[in-house]
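# Structural overview for review
This is what each chain is made of:
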Amino acid sequence: MRTIENKLSIWGGVCVFCAGLFFTIPGINGLAIVAAIIFLTLVVARLGFTRAILIALPGTAAILIVSSLTIGYQAGIDLSALFLLMVAAPSLMMGWGVRKFADPTTIVGYGLIPFAVILVLLLGIYAQLMGELPMMTEQVNSQLQVMIDESPALESLIEKSFPPAEGAVDRFIEANERIMIGTLRIFPAIMILGFLAAVLAAFVMAGMIALKWGIIFPRFKPFYLWRAGGMWLMITIVGLIPAIFSSGDTWFYAGVNILIVTGHVYFVVGLSIMESFFRRMYKPTPARIIFYGTFLFLGVFGLANTFLTYTGLIMLVFLIALGLSDSRFNFRKEHLEINE
């Protein structure tokens, strides 16, 4: 029978190696990185830093070799360094927090430090990219026009989707340009939310595995007791000021990015409050199925119909407002027992 130490070494080694092997494949790389952080954090917590560093080496070698052979030696070195910063560094820092018995919020904060370094580096590239935005959009529009001209089927599809047929291609290109520019302007918020979600998910799942395997590991309160502290309210106010009063695009979208991040935080808190309501019901299962089923349906099909779109937006705003209001009014009448 394998010991916990052997299980951690095997799972950690496999996950880190797969994260390195699939590091440049979109979609798969995100799941592999989260899995690697989960087990590497547990390795640090149970077996120490030396074992974790040794387990991280094969994954680093995998990304170095694969990238060097496919896109060049210099790219291999750069991606290896990024891999260490995205996988090894957060795991080591969170594992260190676990070993010193820090509280869960502090441990997640430790895990976000390497991602903050990545974000700062990306913001430098982002600023340069936004400076070249007009030229970039012109190039994308030109390439899109060439693709449409060379594909009568695509042009016919666009004419059906953007009636009337006259001027449909121009309207399609304009819509595509608006989407691209809008996405780029909120790109910092997307990156922050991605990093935050990855570290938070890794920590929560590591706690679940630690509980099953008998590893000492700090855990958050139950989800129905999650609240956003006063810090998030202050950050929201900081975002509101330029979003409302700024006349320049730079400060306006800086505020919008902040509000997108805090809005997602309050959305999660809103879900937590709803979960606390369900817990007080005599038979909460039907209510949960209806609520989460409706939310899932609107998330998948919300853009298919105007009514569904507005219904989904109203539901989203309601949950965000509920989470924000919870900063001032505690809607949950129950408290965590000492033994929970």
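Coordinates for the structure precede this section.
Structure report, in brief. Position numbers for residues count from 1 along each chain, tracking the sequence in the order it is written. In keeping with the model being predicted, local features are shown solely for residues with a pLDDT of at least 70 and side-chain atom pairs are shown and tallied solely at 80 or more, while totals for entire chains, interfaces and linings include all residues. The side-chain values count all of the structure's non-hydrogen atoms but skip hydrogen atoms and water molecules.

## A look at the overall build of the protein
Quick note on the threshold: A run of H or I in DSSP counts as a helix once it spans at least four residues, and a run of E counts as a strand once it spans at least two, with each numbered from the N terminus. Each residue's exposure class comes from its accessible area (1.4 Å probe, protein chains only) as a fraction of the maximum for that residue type: buried when under 20%, exposed when over 50%, partly exposed otherwise. The contact criterion used throughout is that any non-hydrogen atoms of two residues lie within 4.5 Å. A 1.4 Å probe and the Shrake-Rupley method give the accessible areas. Residues count as covered only by the protein chains that appear here. Think of it this way: Lys and Arg go in the positive column, Asp and Glu in the negative one, and His and the chain ends go nowhere. One atom stands in for each charge, and that atom is NZ of Lys, CZ of Arg, CG of Asp or CD of Glu.
Check the secondary structure of the protein and you find 13 helices and 0 strands. The order of helices and strands in the protein, counted from the N terminus, is α-α-α-α-α-α-α-α-α-α-α-α-α. For the protein, the spread of C-alpha atoms along the principal axes amounts to about 70 × 60 × 40 Å. Buried residues in the protein amount to 36% of all 340 residues. Restricting the contact set of the protein to residue pairs at least 6 apart, pairs at least 24 apart contribute 68%. Summed over all atoms, the accessible surface of the protein reaches about 19,700 Å², with 71% contributed by carbon and sulfur. Here the protein holds 21 positive side-chain charges and 19 negative ones, and the gap between their average locations is 22 Å.

## Topic: the pattern of salt bridges
As a reminder, the rule being used: We define a salt bridge as a contact between a side-chain nitrogen of Lys or Arg and a carboxyl oxygen of Asp or Glu at a distance within 4 Å.
Counted under the stated rule, the structure contains 3 salt bridges. Ionic pairing is found between E275 and R288, a salt bridge with its closest N-O pair at 2.5 Å. Of the two residues, E275 is situated in helix α11 (residues 249-279) and R288 in helix α12 (residues 284-301); the sequence distance between them amounts to 13 residues. Judged by relative accessible area, which is 14%, E275 ranks as buried.

## Here we look at empty space enclosed by the protein
Just so we agree on the cut-off: Buriedness for pockets is judged along seven lines, at least five of which must meet protein on both sides within 12 Å for an open set on the 1 Å grid over protein atoms alone, while cavities are sets there where a 1.4 Å probe fits but cannot get out, and lining residues have an atom within 4 Å of a point. Grid points are joined across faces, edges and corners, and a volume is the space filled by probe spheres set on the points. Put simply, Ala, Val, Leu, Ile, Met, Phe, Trp, Tyr, Cys and Pro go in the nonpolar bin, Asp, Glu, Lys and Arg in the charged bin, and everything else, Gly too, in the polar bin.
Counting across every chain of the model gives 1 cavity of 30 Å³ or more. Its boundaries defined by the atoms lining it, the largest cavity holds a volume of some 30 Å³. Every residue along the wall of the largest cavity is listed here: L119, L122, L123, Y126, F187, P188 and M191. Among the secondary structure elements, those contributing two or more residues to the lining of the largest cavity are α5 (104-131) and α9 (187-213). The greatest single-element share of the lining of the largest cavity, amounting to 4 residues, is contributed by α5. When the residues that make up the lining of the largest cavity are grouped by side-chain class, the tally is 7 nonpolar, no polar and no charged.

## Let's talk about the packing of aromatic side chains
Just so we agree on the cut-off: Only rings of Phe, Tyr and Trp enter the pairing, Trp through its six-membered ring, and a pair is recorded when the two centres are within 6.5 Å. The plane angle decides the type: under 30 degrees is stacked, over 60 is edge-to-face, the rest tilted. We count a charge as sitting over a ring when the NZ of a lysine or the CZ of an arginine lies within 6 Å of the ring centre and within 35 degrees of the ring normal.
As enumerated under the stated definition, the model contains 17 aromatic pairs in all. Here the aromatic rings of F252 and Y253 are separated by 5.0 Å at their centres, their planes lie at 85 degrees, and the arrangement is edge-to-face. Assessed through its relative accessible area of 29%, F252 is described here as partly exposed. Under the relative-accessibility criterion, Y253 is labelled partly exposed at 23%. Connected via pairs of aromatic rings, a cluster forms that spans F203, F217, F220, F223 and W226. Taking the ring centre of Y224 as reference, the NZ or CZ of R279 above it sits at 3.7 Å.

## A word on unusual backbone geometry
A positive phi angle is found at F101, which is not glycine, with a value near 60 degrees. A relative accessible area of 63% means that F101 is categorised as exposed.

## As for the nonpolar core
Inclusion rule: Residues enter a nonpolar core if they are buried and are Ala, Val, Leu, Ile, Met, Phe, Trp, Tyr or Cys, with the set joined through side-chain atoms within 4.5 Å.
The biggest cluster of nonpolar side chains holds 48 residues, and the ones touching the most others in it are I38 and L42. Counting only elements with at least two residues in this core, the list comes to α1 (4-21), α2 (28-47), α3 (49-71), α4 (73-99), α5 and α9. Broken down by element, the residue count for this core peaks at 12 residues, all from α2. If sequence neighbours within four positions are ignored, I38 has contacts with A202, M205, A206 and I209. Membership of the second largest hydrophobic core comes to 15 residues, among which are V265, I273, L298 and M315.

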